[in-house]
Amino acid sequence: MPLIHISLRAGKPEAYRQAIFDSLYRAMRETLSVPEDDQFMTITEHDAANFRYGDAYGVARSDDVVFIQITVFNTRTSEQKKALFRRTAELLAESPGIRSENVFVNVLEAAKENWSVGHGLAQFA
């Protein structure tokens, strides 16, 4: 049950944004065993004045940097998360062609009882 928020500079075409969705979904299916059709993702575009990044940690980023925040159940292992990071960078490099230096991923963990996916019910508690 990942919930994904993606932030990037405004101006990329729809096909580029859809390729980000597709690559992230594939990476989650392959590394986190996300069920088929479990796709809860948003993209927010920002103009240059509202989007800042740096070259911290020895990574030379460009205006094509993409910030990806993934909220998941707190049941994933460190190995699964590392595999997700690697596979996400690989697939985004393939489509839509984002350099791995521009893939910034943050995973947030939440207990199952903190999720309601519809009808106002805590389905996983």
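This report concerns the structure included in the present document. (Residues numbered from 1 in each chain as written. Predicted model: local features only at pLDDT ≥ 70, side-chain atom pairs only at ≥ 80, totals over all residues. Heavy atoms only, no water.)

## Topic: the overall build of the protein
Scanning the protein from terminus to terminus reveals two helices and four strands. Helices and strands appear in the protein in the N-to-C order β-α-β-β-α-β. By the compact-globule yardstick of 14 Å for 125 residues, the protein fits well, its C-alpha radius of gyration being 15 Å. Within the protein, counting contacts between residues at least 6 apart in sequence, those at least 24 apart form 73% of the total. As displayed, the protein offers around 7,300 Å² of accessible surface, 48% of which is attributable to carbon and sulfur atoms. (Helix = DSSP H or I, 4+ residues; strand = E, 2+ residues; numbered from the N terminus. Rg over C-alpha atoms; globule rule 2.2 N^0.38 Å. Contact = heavy atoms within 4.5 Å. Areas by Shrake-Rupley, 256 points an atom, 1.4 Å probe, with all protein chains shown as cover.)

## Here we look at the sheet that holds strand E3 (residues 66-73)
Read across the open sheet, the four strands follow the order E2-E1-E3-E4; overall the sheet is mixed. Each edge of the sheet is formed by a strand with only one pairing partner; in this case those strands are strand E2 (41-46) and strand E4 (103-110). Geometrically, the sheet is characterised by an average inter-axis angle of 15 degrees between neighbouring strands, direction not taken into account. When E3 meets E4, the two strands line up parallel, connected through eight bridges. Paired with Phe67 across the two strands is Phe104, which belongs to E4. The strands touched by helix H1 (residues 14-32) are strand E1 (3-9), E2 and E3; relative to E2, the strand with the most contacts, the crossing angle is about 140 degrees. Of the strands in this sheet, E3 and E4 are in contact with helix H2 (residues 78-94), which crosses E4 at around 145 degrees. (Pairing = 2+ DSSP bridges. Axes fitted to C-alpha atoms, helices over the stretch in contact; angles between N-to-C directions.)

## Describing H2
Taking 1.5 Å as the rise per residue, H2 with 17 residues should run 24 Å; its terminal C-alpha atoms sit 25 Å apart, in good agreement. Every buried residue of H2 is accounted for by Lys81, Leu84, Arg87, Thr88, Ala89, Leu91 and Leu92. Packing partners of the buried residues in H2 comprise H1, E3 and E4. (Expected span 1.5 Å × (residues − 1). Buried < 20%, exposed > 50% of the residue type's maximum accessible area, 1.4 Å probe, protein only.)

## Points about the pairing of E1
Two elements, E1 and E3, share six bridges in a ladder whose sense is antiparallel. Looking at the pairing, Leu8 lines up with Val66 of E3. Pairing of E1 with E2 involves six bridges; the strand directions are parallel. In the sheet register, Leu8 faces E2, and the bridge partner there is Glu45. Chirality of the crossover, the property in question, places the unit of E1, H1 and E2 among those that are right-handed. (Right-handed = clockwise from strand over helix to strand, strands pointing away.)

So yeah, pure geometry; function would need other evidence.
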